[in-house]
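Understanding the architecture of this molecule
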Amino acid sequence: MKTADYDKCARRIAEALALASGEAVLIKLDTRIFTPLVPALQNLIRASGAHISGVILAEDTNKSSEEELHSLRRLFDNADVFIWLPELHQGNRPALARALNEWLDARRGRAVHFHWNGGSYPIGFLETPSQDFIDRLYLAALDVSPEELDRQHRQAESVLRSGPVRVTTPEGTDLSFEVGARPFCSQIGDASLSRMRSARTRIDRDIELPAGALRVAPIENSATGSVFLPVWRPVLTQGRNLTLQFLKGCMAVQGVNADQIDQELSAAGGDARMFREFALGFNPALKVLPEAPFIAYYGYGAGVVRLSLGDNEEMGGANRGGGVYWNFIHNATVTVGNKTLVQDGNLRAAADT
């Protein structure tokens, strides 16, 4: 990427946070990538009157887990804002994940996740495009209007609450569930203090850039039906031509390597087999393209559906433990009664359903 691209990324982070004078900012960074972004972001933080209170490196620490947790808690106690910049291998060590979750759950601050690497997934056995192509796509996705996303999310939320939701695909997915009164997380790219006043769950305070997804933990035991996956790649085991069969929210798997997947989920324990999340993407710049058919940025693209398994505490759900297993569907139809939100992977305006 060019210097101007890194400057654009820094500006979008600063716009999302709308930092106030005197605020303390804690940054996590990976010194191996996106290094030109750091000085541009530092300049914008200082220009706002805020200051950098600490830096956490993505590389492994020599401290024990308990030592690191104690140190990290001190850093978060002195921070108003946390910015998580791109890494070669996105993820948090257990101590950092715990300290961050405690801080967000205590409503002491707000965070921005600026992921980049690792957020793209192939469809079936197709290859993902070049990193340069993905960079161009992600940069364009930063331009989506928070106000427009908010308008679309509100309309879709109203439809999704109006009755049982049904997700189908030509390959055989046919899953129904109910949202009930569960809180929605509307990821519109706004991490300002004013936006945080309406935050109800942990992920409402942990904002993704690029933005776009509307997320909810449905009533878990309402999930009934099947999800077809040509490929399963969540953690260790690769399965093919799988059917995930749900009964009262609990999943049983059939297909190639189903026995190994079952063993993997058993080893994970907790609620690894329970229906976790429904997410619907709205970002037009991240939609699945005929010339480059792949899932961009964690399924935040317009019309992409994410149906996942496992722990959903961060979303206000009832599942605990077992990890998180994402499954992306690019060609789903999503209906609620006689209203259609998505038709064959194409997002429809809620007002036109």
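The sections below set out a description of the structure shown in this document. (Residues numbered from 1 in each chain as written. Predicted model: local features only at pLDDT ≥ 70, side-chain atom pairs only at ≥ 80, totals over all residues. Heavy atoms only, no water.)

So, the overall build of the chain
As a reminder of what qualifies: Secondary structure elements are taken from DSSP: a helix is a run of H or I of four residues or more, a strand is a run of E of two residues or more, and numbering for both begins at the N terminus. Note that the radius of gyration is over C-alpha atoms, with the globule rule given as 2.2 Å times the number of residues to the power 0.38. Throughout this description, buried means an accessible area under 20% of the type-specific maximum (1.4 Å probe, protein chains only), exposed means over 50%, and partly exposed covers the range between. For this analysis, residues touch if any pair of their heavy atoms sits within 4.5 Å. All accessibility values rest on the Shrake-Rupley procedure with a 1.4 Å probe; residue burial counts only the protein chains present in the view. His residues and chain termini do not enter the charge count, which takes Lys and Arg as positive and Asp and Glu as negative. Lys charges are placed at NZ, Arg charges at CZ, Asp charges at CG and Glu charges at CD.
Counting secondary structure elements, the chain contains 8 helices and 21 strands. A compact globule built from 353 residues should have a C-alpha radius of gyration of about 20 Å, and the chain, at 20 Å, falls within 12% of that. Each principal axis of the C-alpha distribution contributes one length, and for the chain these read about 55 × 45 × 40 Å. Going through the 353 residues of the chain one by one, you find that 53% of them count as buried. Partitioning the intrachain contacts of the chain with sequence separation of at least 6 by distance along the chain shows that 71% fall at a separation of at least 24. Carbon and sulfur atoms make up 49% of the accessible area of the chain, which totals about 15,000 Å². Computing the positive centroid from 37 side-chain charges and the negative centroid from 42, the chain places the two 4 Å apart.

Let's talk about the sheet that holds strand β1 (residues 24-29)
The criterion, for reference: Note: two strands are recorded as paired if DSSP finds a minimum of 2 bridges between them. Helix axes are fitted to C-alpha atoms over the stretch in contact, other axes to C-alpha atoms as well, and angles between N-to-C directions run from 0 to 180 degrees.
Spatially, β2-β1-β3-β4-β9 is the arrangement adopted by the 5 strands of the open sheet, whose pairing is parallel. The sheet terminates laterally at β2 (51-57) and β9 (206-208), the two strands that pair on one side only. Each strand of the sheet is rotated relative to its neighbour by a mean of 20 degrees, with strand direction disregarded. Of the pairings in the sheet, the one linking β1 to strand β3 (residues 81-84) comprises 4 bridges and is parallel in character. Paired with Lys28 across the bridge in β3 is Trp84. Lying on the sheet, helix α3 (residues 65-77) is in contact with β1, β2 and β3; it crosses β2 at an angle near 155 degrees.

Notes on helix α4 (residues 94-105)
Defined as follows: Each helix should span, by expectation, one fewer than its residue count multiplied by 1.5 Å. The arc in question is formed by the directions pointing from the helix axis toward the C-beta atoms.
For α4, with 12 residues, the first-to-last C-alpha span of 16 Å sits near the 16 Å given by 1.5 Å per residue. Every buried residue of α4 is listed here: Ala95, Leu96, Ala99, Leu100, Trp103 and Leu104. The arc that holds every buried residue of α4, seen down its axis, measures 160 degrees, which confines them to one face. Each element contacted by the buried residues of α4 is listed here: β1, β2, α3, β3, β4 (110-113) and β9. Of the residues one or two after α4, Arg107 is the one with positive phi, at around 60 degrees.

Quick notes on the nonpolar core
Just so we agree on the cut-off: Buried residues of nine kinds, namely Ala, Val, Leu, Ile, Met, Phe, Trp, Tyr and Cys, make up a nonpolar core once their side-chain atoms join them within 4.5 Å.
Within the largest apolar cluster, 43 residues are counted, with the highest numbers of intra-cluster contacts made by Ile83, Leu85 and Phe114. Listed by contribution, the elements that provide at least two residues to this core are α1 (3-17), β1, α2 (37-47), β3 and α5 (131-141). Counting 42 residues, the second largest nonpolar core, distinct from the first, contains Ala156, Leu244, Tyr325 and Val336.

Describing the layout of surface pockets
Selection criterion: A 1.4 Å probe that fits into a set of points on a 1 Å grid over the protein atoms alone but cannot get out defines a cavity; an open set with protein on both sides within 12 Å along at least five of seven lines defines a pocket, and lining residues are those with an atom within 4 Å of a point. Grid points are joined across faces, edges and corners, and a volume is the space filled by probe spheres set on the points. When residue character is reported, Ala, Val, Leu, Ile, Met, Phe, Trp, Tyr, Cys and Pro are called nonpolar, Asp, Glu, Lys and Arg charged, and the others, Gly included, polar.
By volume, the largest pocket amounts to about 970 Å³. Considering the residues around the largest pocket, the lining is formed by 30 residues, among which Trp84, His113, His115, Glu314 and Trp326 are closest to the centre. Elements that contribute at least two residues to the lining of the largest pocket include exactly α4 and β9. In terms of residue class, the lining of the largest pocket is built from 9 nonpolar, 12 polar and 9 charged.

Some details on the packing of aromatic side chains
The geometry of an aromatic ring pair comes down to the distance between the two centres and the angle between the two planes. Just so we agree on the cut-off: The criterion for an aromatic pair is that two Phe, Tyr or Trp rings (for Trp, the six-membered ring) have centres within 6.5 Å, with stacked assigned to planes under 30 degrees apart, edge-to-face to planes over 60 apart and tilted to the rest.
Applying the stated rule across the entire model yields 16 aromatic pairs. The interplanar angle of 75 degrees and the centroid separation of 5.1 Å between the aromatic rings of Trp116 and Tyr138 together place this pair among those described as edge-to-face. Linking Trp116 in the loop between β4 and β5 (121-122) with Tyr138 in helix α5, this pair joins segments that are 22 residues apart in sequence. With respect to class, Trp116 is no different from Tyr138; both count as buried.

What about the pattern of salt bridges?
We count it as follows: Should a side-chain nitrogen of Lys or Arg be within 4 Å of a carboxyl oxygen of Asp or Glu, the pair is scored as a salt bridge.
Within this structure, the stated rule accounts for 24 salt bridges. When the shortest N-O distance is used, the salt bridge between Glu87 and Lys28 registers 2.7 Å. With Glu87 in the loop between β3 and α4 and Lys28 in strand β1, the pair connects residues that are 59 residues apart, well separated along the chain. Of the residues examined, Glu87 reaches a relative accessible area of 3% and is grouped as buried. Accessibility expressed as a relative area gives 1% for Lys28, which makes it buried. Note that Arg166 and Asp174 form a salt bridge whose closest N and O atoms lie 2.8 Å from each other.

Some remarks on the packing of α1 against α5
Heads up, the condition is: Each crossing gets its handedness from the near helix: less than a right angle anticlockwise from the far helix is left-handed, clockwise is right-handed.
Packing of α1 against α5 leaves a shortest axis separation of 10 Å and a crossing angle of 40 degrees. Judged by the sense of rotation from one axis to the other, the crossing of α1 with α5 is left-handed. Between α1 and α5, the contacting residues are Asp5, Lys8 and Cys9 on the first element and Arg136, Leu139 and Ala140 on the second. Residues that form the contact of α1 with α5 fall into these classes: 3 nonpolar, no polar and 3 charged.

What to know about α1
Here α1 contains 15 residues, and its C-alpha end-to-end distance of 22 Å stays within 8% of the 21 Å for a straight helix at 1.5 Å per residue. Considering only its buried residues, α1 is in contact with α2, β3, β4, α5, α6 (146-160) and α7 (193-196). One or two steps after α1, the chain reaches Ala18, where phi turns positive at roughly 45 degrees.

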